[in-house]
Amino acid sequence: ASLFGIAVMLSASFIARATSDNNPYGLIDPGHLRVASLGDAKPYTFTDKSGNFTGFDVEFFKNVAHRIGIDKVDFVGQDFSAILPAVANGQYDAGVAAIGITPARERTVDFSTGYLAGYLTVLTRSDSGVKNVETLAHKRLGVIQGTLQESYALQHFKQTDLVRFPDNNAAVSALNNGTLDAMFLDYEAAKDYAARFKLVMAANIPSFDAPAGVAIAKNKPAFKAALDKAIKDAMQDGTWKKLYEKWFPGSPMPEQYLPHH
Ligand SMILES: NC(=O)CC[C@H](NC[C@@]1(O)OC[C@@H](O)[C@@H](O)[C@@H]1O)C(=O)O
C-alpha cells in the first residue's frame, strides 16, 4: 500500500468513530452531520451570496439526512482533492459534491448508492480553436486536481497540456484571461459558467459508469445502509425528480432515479 494509504489507515484507526445506540451511524458528533463539499460547483454544490451552501447535491443530501433523523447538517468548503482523504480520516462524516463512485476511490472511502449520472464537459472560449476533443491537441486544458476529468484527460488527451487547479473558480478565471484554452468539468457547472461568461461547451463525455454518491469513511455499514434506503425512498416518492427539475431544468433525467411502480 502507498504511504498515503498507510497514513489513511493509521489515522482512520485512531479516529474511526465507534457506533453506539445513541450514535448508530458513528458520527463525529451524534445527531450532527459535518459534510465536506465545494463552494464553487454551481448548481451542484455552491455558496450563495449570503454564504449558505445550496444546490442540487446540498438540498438532496439534507432531505436524505432528515429521513435518517438528522436535521443539523453543516457543509464546509474544501478543495476537491482534499475531500476524500478528509472523509477517510474522520474529519468529516460525509463528502457531498457530485463525487463519482469509482473502484480507485473505493479503496479510500465507501460510497452510498448513486444519485446523479451525467457528463464531463470541455468548456472553452469561442476564439480558442477548441471545437471538440480532437482539437484539444497542443492546447492548454485546465482540470481540477483529483477529479475524474483529470484522470480521463491523462488517459485520453495525451497531446494536451494539462494544467491543474485546486478549484473551479481558479480554472475559469484562467480560461477567461486566456491562460487556458479550455477547462474540463461537470456538465451542469460548465453550462452555468457558459451562461455567466459567454463561454461555449465543446464536448460532452458520458460518465454514467461513475454516478455521484455520498462518500463516507470505510467500515460504517449502518450509516451506509441508512443513506442507501433514504436515497431510494427520496427517488421513489418523487423528491429526487422535483429537486432535479429545480436545479437542472431541461436536462435529461436518468431513468433509474425516477419513481418505479
Ligand atoms: N465536484 C467536482 O468537481 C466533481 C467532478 C467529478 N464529477 C463527476 C460526476 O460525479 O458528476 C456528476 C455526474 O455527472 C456523474 O456521472 C459524474 O461522474 C468527479 O467526481 O471527479
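Residues numbered from 1 in each chain as written. Predicted model: local features only at pLDDT ≥ 70, side-chain atom pairs only at ≥ 80, totals over all residues. Heavy atoms only, no water.

*Asks:* Where do I start with the overall build of the protein in this structure?
*Replies:* Each helix and strand counted, the protein has 8 helices and 13 strands in total. In terms of overall size, the protein behaves like a compact globule, its C-alpha atoms giving a radius of gyration of 19 Å where 261 residues would be expected to give roughly 18 Å. The dimensions of the protein, computed from C-alpha atoms along their principal axes, are 60 × 45 × 35 Å. Taken across its 261 residues, the protein has 51% of its residues classed as buried. Intrachain contacts of the protein at a sequence separation of at least 6 include 68% that bridge at least 24 residues. (Helix = DSSP H or I, 4+ residues; strand = E, 2+ residues; numbered from the N terminus. Rg over C-alpha atoms; globule rule 2.2 N^0.38 Å. Buried < 20%, exposed > 50% of the residue type's maximum accessible area, 1.4 Å probe, protein only. Contact = heavy atoms within 4.5 Å.)

*Asks:* Help me understand the pattern of salt bridges in this model?
*Replies:* When the charged atoms of two side chains with opposite charge come close together, those side chains can pair. The tally for this structure, following the rule as stated, stands at 10 salt bridges. In this structure, Asp237 engages Arg67 in a salt bridge whose closest nitrogen and oxygen atoms are separated by 2.8 Å. Placement of the pair is Asp237 in the loop between α7 (221–236) and α8 (239–247) and Arg67 in helix α2 (residues 56–67), with a sequence separation of 170 residues. On the basis of relative accessibility, which here comes to 46%, the residue Asp237 falls in the partly exposed class. Since its relative accessible area comes to 31%, Arg67 is described here as partly exposed. Residue Asp192 pairs with Arg196 through a salt bridge whose shortest N-O separation is 3.1 Å. One end of the pair is Asp192 and the other is Arg196, both in helix α6 (residues 187–197) and 4 residues apart, which spans about a single turn. Accessibility expressed as a relative area gives 18% for Asp192, which makes it buried. (Salt bridge = Lys/Arg side-chain N within 4 Å of Asp/Glu carboxyl O.)

*Asks:* Explain the site of the ligand here, please?
*Replies:* Close contacts around the ligand come from 18 residues, with Gly100, Arg105, Leu148, Ser207 and Ala210 the closest. In this structure, an oxygen atom belonging to the ligand sits 2.8 Å away from a side-chain N or O atom of Arg105. In the complex, the protein chains occlude 97% of the 480 Å² of accessible area that the ligand would expose alone. Of the pockets mapped on this structure, the ligand occupies the second largest pocket. Of the residues that constitute the shell around the ligand, the class distribution is 11 nonpolar, 5 polar and 2 charged. (Near = heavy atom within 4 Å. Polar contact = N/O pair within 3.5 Å; in protein donor to acceptor, adjacent residues only side chain to side chain. Areas by Shrake-Rupley, 256 points an atom, 1.4 Å probe, with all protein chains shown as cover. 1 Å grid on protein atoms, 1.4 Å probe; cavity = no way out; pocket = protein on both sides within 12 Å on 5 of 7 lines; lining within 4 Å. Sits in = over half its atoms within 2 Å of the grid points. Nonpolar A, V, L, I, M, F, W, Y, C, P; charged D, E, K, R; others polar.)

*Asks:* Sorry, what's going on with the packing of aromatic side chains here?
*Replies:* Aromatic ring pairs are reported here in terms of the distance separating the ring centres and the angle at which the planes meet. Tallying each qualifying case throughout the model produces 20 aromatic pairs. Relative to Phe60, the ring of Phe56 has its centre 5.7 Å away and its plane inclined at 5°; by these criteria the two rings are stacked. One end of the pair is Phe56 and the other is Phe60, both in helix α2 and 4 residues apart, which spans about a single turn. Of the aromatic side chains, those joined through ring pairs into one cluster are Tyr44, Phe56, Phe60, Tyr115, Trp240, Tyr244, Phe248 and Tyr257. (Phe/Tyr/Trp six-rings, centres within 6.5 Å; stacked < 30°, edge-to-face > 60°.)

*Asks:* What should I look at first to understand the layout of surface pockets in this one?
*Replies:* If you roll a probe as big as a water molecule over the atoms, it shows you where there is empty space left. In this model, the second largest pocket occupies a volume close to 530 Å³. Lining the second largest pocket are 38 residues, and of these Tyr44, Ala98, Tyr119, Asp186 and Tyr187 sit closest to its centre. For the lining of the second largest pocket, the secondary structure elements donating two or more residues are β2 (40–41), β8 (119–124), α4 (148–156), β11 (182–186) and α6. Here the lining of the second largest pocket is composed, by residue class, of 26 nonpolar, 7 polar and 5 charged. (Points joined across faces, edges and corners; volume = space filled by probe spheres on them.)

*Asks:* So what exactly am I meant to see when it comes to the sheet that holds β11 here?
*Replies:* In sheet architecture, strand pairing relies on hydrogen bonds along the backbone and comes in two forms, parallel and antiparallel. Within the open sheet, the 5 strands sit side by side as β10-β9-β11-β8-β12. Their pairing is mixed. Each end of this open sheet is capped by a strand with a single partner; those strands are β10 (161–165) and β12 (200–206). Between one strand axis and the next, the sheet turns through 25° on average, direction left out of account. Two strands pair when backbone bridges link them, and strand β9 (residues 140–144) and β11 are joined in this way by 3 bridges, in the parallel orientation. Its bridge partner being in β11, Leu141 is matched across the sheet by Ala182. (Pairing = 2+ DSSP bridges. Axes fitted to C-alpha atoms, helices over the stretch in contact; angles between N-to-C directions.)

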